[in-house]
Amino acid sequence: MGAPSVKRTSRDIRTANRYEVLRQIIAESPTSRQELAAATGLSLATVATLVGELLDLGMIVEVGFEDSAGGRPRGLVAVDAAGGVLIGVDLAETYVRVELFDLALNVLARAGEETSPGENRPERVVDRVASAVGSVVERAGIDAARVLGAGVSVPGQVDRATGVSEYAPNWDWHDVPLLDLLAERIPHPLYLDNPLRACAVAELWFGAARGRGDAVVVNLGTGVGAGLVLGGGVHRGVSNSAGEWGHTTLVLDGRPCHCGHHGCVETYTGAPGIMLNLREVSPHSPLLRPDDQTATVDALARGVASGDPVAVEVLEDTARYLGAGIAGLINLFNPEVVVLSSWVAAAFGEPLLDAVREAVTRHALRRPLAATRIVLSPIPTDPVCLGAATFALEGALQAARRGTGTRADTPTRARGSRAGTP
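Nothing here was measured: the structure is a model prediction, and the numbers come from that model.

J.: Talk me through the overall build of the protein chain; I want residue IDs and the actual numbers.
T.: A tally of regular secondary structure across the protein chain gives 14 helices and 16 strands. For the protein chain, the C-alpha radius of gyration of 22 Å lies close to 22 Å, the compact-globule estimate for 422 residues. A separation threshold of at least 6 residues defines the contact pool for the protein chain, and within that pool the share at least 24 residues apart is 64%.

Here's what the structure looks like:
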């Protein structure tokens, strides 16, 4: 039975509008109320009210006036970068990365470490995240009271309303109460979601999906998925499970997948699948680093750059599978842009992009393909950390809606909310 629909109240809509106005201010600072109304589609009166609320919260400031062609000068507002800090956590199968941002979403500090296969017990993962979060706050010299929240991206299917990691196939996690475990160690409001949503938000705010109504952000890492931007907002689906494209069948009766099925997109295009592609081309290749996905992908990328025939063949094989899968996304969603994101895409770069474009051309319908650009993510920092930080920003606004300032329900705990969509 499907999840029950959630009725959005007028307060929910107000919070979502406040979030959208703040998003525009961050992207376009400084800007006027008139420009905000035009960009958001809200009335000038509504924008003026929401700007007033953001000023009261200390998230934005007045920064002077802009001359307007013979009329009354327009007041300008900008984000107050010093109004608080946000934490973004990219918790992946092979690493933990944490970045600390000011309210303009500039990076103030970073921390992280690689992890080894098998180090996926929830308690061990929580230890690593808590250590990295504490490290970035200490490095930046930030008072803990200035932290508005920490957004945590975890692979797999996430119930962001309860903070439960419902299913992470690459870790064999089932119904792990991750937010509760993190809240025991991290003294900041916490907001949980997955990397598909995080990357989609990052591209929507600062990357290749900015200003686009419809976009697909393809995450290529250990796992594979597709963050969806539809109608100008992130599409989550009825149970926050939209985008599990990596577990759609690409090859009937193909390779076994951690999800229990066979022939999934992920088994041919995720980092472990790329390692299998390499083994099939050259079982004893020196490019293969057994049990080390990152080192293998990096070695392949260097091999492609130097013209190594084995590396080139593996890239082309991987791109064939990716191209067929992405063609299906283009035919289904008719997006303006498809963005190749995450660490595998960044490692291979332009050679992968060129090979994927060629492969997509062989499979996609001509009309939707003609309307779609396929690009690499232009975001210079970790897009998952950036997107996760916006979860915390959304949470801070929701906490303010409840009348608790920019703090959440308790000093250590905040639930995700179904109201408002980044």
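J.: Could you give an account of the sheet that holds strand E11 (residues 190-193), with specific residues and numbers?
T.: Spatially, the five strands line up as an open sheet ordered E6-E5-E4-E7-E11, and their pairing is mixed. Taken across any chain shown, the strands that pair with only one partner, and hence form the sheet edges, are strand E6 (107-114) and E11. Ignoring strand direction, the axes of neighbouring strands in this sheet form an average angle of 15°. The sheet contacts of helix H4 (residues 122-140) involve strand E4 (85-91), strand E5 (95-102), E6 and strand E7 (147-153), and relative to E6 the element is tilted by about 150°.

J.: Give a detailed account of empty space enclosed by the protein, specifying residues and quantitative values.
T.: Counted under the stated rule, the structure contains two cavities of 30 Å³ or more. By volume, the second largest cavity amounts to about 50 Å³. As for the second largest cavity, its lining consists of Leu91, Ala92, Glu93, Val96, Thr115, Glu119, Asn120, Val125, Arg128 and Trp171. Across the lining of the second largest cavity, the residue classes tally to five nonpolar, two polar and three charged.

J.: Help me get a handle on the pattern of salt bridges, residues and values and all.
T.: In this structure the tally under the stated criterion is 18 salt bridges. We note a salt bridge from arginine 110 to glutamate 99, for which the minimum N-O separation is 3.0 Å. Separated by eleven residues along the polypeptide, arginine 110 in strand E6 and glutamate 99 in strand E5 bring together distant segments of the chain. On the basis of relative accessible area, arginine 110 is assigned to the partly exposed category, the value being 47%. The exposure class of glutamate 99 is buried, given its relative accessible area of 5%. Taken together, the shared-partner salt bridges in this structure form one network comprising Arg14, Arg18 and Glu53.

J.: Can you break down the environment of phenylalanine 65 residue by residue, with the values?
T.: Tracing the backbone through its elements, the reader meets phenylalanine 65 in strand E2 (residues 60-66). For phenylalanine 65, a relative accessible area of 65% gives the class exposed. The spacing of phenylalanine 65 and leucine 54 is eleven residues in sequence and 18 Å in space, taken between C-alpha atoms.

J.: Please give an account of the sheet that holds E2 that cites residues and values.
T.: Read across the open sheet, the three strands follow the order E1-E3-E2; overall the sheet is antiparallel. Each end of this open sheet is capped by a strand with a single partner; those strands are strand E1 (31-32) and E2. Here helix H1 (residues 10-28) sits on the sheet and contacts E1, E2 and strand E3 (74-79); the angle it forms with E3, its principal contact strand, is near 90°.

J.: I'd love a proper account of a negative patch on the surface, names of residues and values included.
T.: Judged by side-chain charge, Glu114, Asp291, Asp292 and Asp298 come together as a negatively charged surface patch. With respect to the helices and strands, glutamate 114 occurs in strand E6. Of the residues examined, glutamate 114 reaches a relative accessible area of 48% and is grouped as partly exposed.

About the cut-offs
- Residues numbered from 1 in each chain as written.
- Predicted model: local features only at pLDDT ≥ 70, side-chain atom pairs only at ≥ 80, totals over all residues.
- Heavy atoms only, no water.
- Helix = DSSP H or I, 4+ residues; strand = E, 2+ residues; numbered from the N terminus.
- Rg over C-alpha atoms; globule rule 2.2 N^0.38 Å.
- Contact = heavy atoms within 4.5 Å.
- Pairing = 2+ DSSP bridges.
- Axes fitted to C-alpha atoms, helices over the stretch in contact; angles between N-to-C directions.
- 1 Å grid on protein atoms, 1.4 Å probe; cavity = no way out; pocket = protein on both sides within 12 Å on 5 of 7 lines; lining within 4 Å.
- Points joined across faces, edges and corners; volume = space filled by probe spheres on them.
- Nonpolar A, V, L, I, M, F, W, Y, C, P; charged D, E, K, R; others polar.
- Salt bridge = Lys/Arg side-chain N within 4 Å of Asp/Glu carboxyl O.
- Buried < 20%, exposed > 50% of the residue type's maximum accessible area, 1.4 Å probe, protein only.
- Patch = residues over 30% accessible without salt bridge, like charges linked within 9 Å, V, L, I, M, F, W, Y side chains within 5 Å.
- Areas by Shrake-Rupley, 256 points an atom, 1.4 Å probe, with all protein chains shown as cover.
- Lys, Arg positive; Asp, Glu negative; His and termini not counted.
- Charge placed at Lys NZ, Arg CZ, Asp CG, Glu CD.

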